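# Fold and contact review
Here is what each chain is made of, one letter per residue.
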Amino acid sequence: MVRLSSVTGVVKDSVVDGSGRQREALRHFLRSRRARLSPDDVGLLATGRRHTPGLRREEVAVLAGVSASWYTWLEQGRDIRVSDGVLDAISHALRLDDTERVHLYRLAGTNPPQLTSRGAAPREASRLQPVVDGWLPAPAFVVDQYWNVLAANSNAQSLLGVPSPGQNYLTAFFTDPSARVRFPDWEDMAARLVGQFRVQGARFPGDAHFDLLAQELCCVDEAFAGLWARHETCSTARARVRVRVTGQKRVRYEHLTLSLLENSDLRLMLYMPLLHVQEAGLDLVAS
């Protein structure tokens, strides 16, 4: 219960009902998706005069294989139980894309469907190179859901050992001996990377490529095999990374991972230099 005072001093009571707001959003969303379609769009024959644009509720119900009354109750935002199968049928009837489908699930109070990995189109990957180049002189690179490198700037490759686009970052990190020299905290980084890969793979339970990649790495690197057997998870948000650049000189970065809105399977890895950090008597100045 929230008390709201008007400028005239009159006090009114207002109930903030989260479920009511959600049902109202569901009603508006379904009506807007229905209004953008015509009978021709879905292979139906238009009959009778239409006073409003789009499909009728009865037509959506027919396409989804549910009763007209039930669909009307759903669109009116009534408190009814909805199965995943029905939501999928309505999503198909309304021609919803993946983002809209997930949105419908959430508005209906149901867990969103499991994601399917769609990868990155070649054109999409090529557009990422100017993004990471614009981050220079700091390192930056982009990986897909399997940690295949899609784009990397020159300092990501020279300072962090990120392989060329088309190669796998995890494979390089665990099989290239120079990685253990390059990163003073290699063991901590390794545990974090494997934990992140676990979390990423769980988002795509039907994709066997995650297991195949993990099996390959278990066969070629004992450290990965040991970490994989622990089944630990890790946040992908941010972390501190130390890099040995030459001799005793080390550089420290704040590592930030961002998902790309157009394709959340892709992750942009940004490294931000931490300037003038003193550690063990060494002046860690990012260059």
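Scroll up a little and you will see the structure.
These figures come from a predicted structure and were not determined experimentally.

The rules we used
Residues numbered from 1 in each chain as written. Predicted model: local features only at pLDDT ≥ 70, side-chain atom pairs only at ≥ 80, totals over all residues. Heavy atoms only, no water. Salt bridge = Lys/Arg side-chain N within 4 Å of Asp/Glu carboxyl O. Helix = DSSP H or I, 4+ residues; strand = E, 2+ residues; numbered from the N terminus. Buried < 20%, exposed > 50% of the residue type's maximum accessible area, 1.4 Å probe, protein only. Axes fitted to C-alpha atoms, helices over the stretch in contact; angles between N-to-C directions. Parallel < 35°, antiparallel > 145°, perpendicular 65-115°, else oblique. Left-handed = near helix turned anticlockwise from the far one by under 90°. Contact = heavy atoms within 4.5 Å. Nonpolar A, V, L, I, M, F, W, Y, C, P; charged D, E, K, R; others polar. 1 Å grid on protein atoms, 1.4 Å probe; cavity = no way out; pocket = protein on both sides within 12 Å on 5 of 7 lines; lining within 4 Å. Points joined across faces, edges and corners; volume = space filled by probe spheres on them.

## Quick word on the pattern of salt bridges
- Taken as a whole, this structure holds 11 salt bridges when the rule is applied.
- Close ionic contact of glutamate 100 with arginine 36 constitutes a salt bridge, the shortest N to O distance being 2.9 Å. Taken as a pair, glutamate 100 in helix 5 (residues 98-107) and arginine 36 in the loop between helix 1 (18-35) and helix 2 (57-64) lie far apart in primary sequence, 64 residues in all.
- A salt bridge links arginine 242 to aspartate 185; the shortest N-O distance between them is 2.7 Å. Here arginine 242 is found in strand 5 (residues 238-246), whereas its partner aspartate 185 is found in the loop between helix 10 (177-182) and helix 11 (186-202), with 57 residues between them in sequence.
- Judged by relative accessible area, which is 25%, aspartate 185 ranks as partly exposed.
- Look at the salt bridges and you will find they share partners, linking Arg33, Arg36 and Glu100 into a network.

## A closer look at the packing of helix 11 against helix 13 (residues 222-230)
- Relative orientation of the contacting elements helix 11 and helix 13 amounts to 55 degrees, with a least axis distance of 10 Å. On the basis of the axis angle, helix 11 is oblique to helix 13. Seen from above, helix 11 lies across helix 13 with right-handed handedness. Residues Trp186, Ala190, Ala191, Val194, Phe197 and Arg198 of helix 11 touch helix 13, and the partners they reach there are Ala223, Phe224, Leu227 and Trp228.
- Residues belonging to the contact of helix 11 with helix 13 are distributed by class as follows: nine nonpolar, no polar and one charged.

## What to know about empty space enclosed by the protein
- Across all of its chains, the model carries three cavities of 30 Å³ or more by this definition.
- Its volume calculated, the largest cavity comes out at about 60 Å³.
- Lining the largest cavity, in full, are Phe141, Trp147, Tyr169, Met189, Arg192, Leu193, Gln196, Val241, His255, Met269 and Tyr271.
- At the level of elements, helix 11 and strand 7 (263-273) are the ones that each hand at least two residues to the lining of the largest cavity.
- Looking at which element gives the most residues to the lining of the largest cavity, the answer is helix 11, with four residues.
- For the lining of the largest cavity, the residue count by class is eight nonpolar, two polar and one charged.

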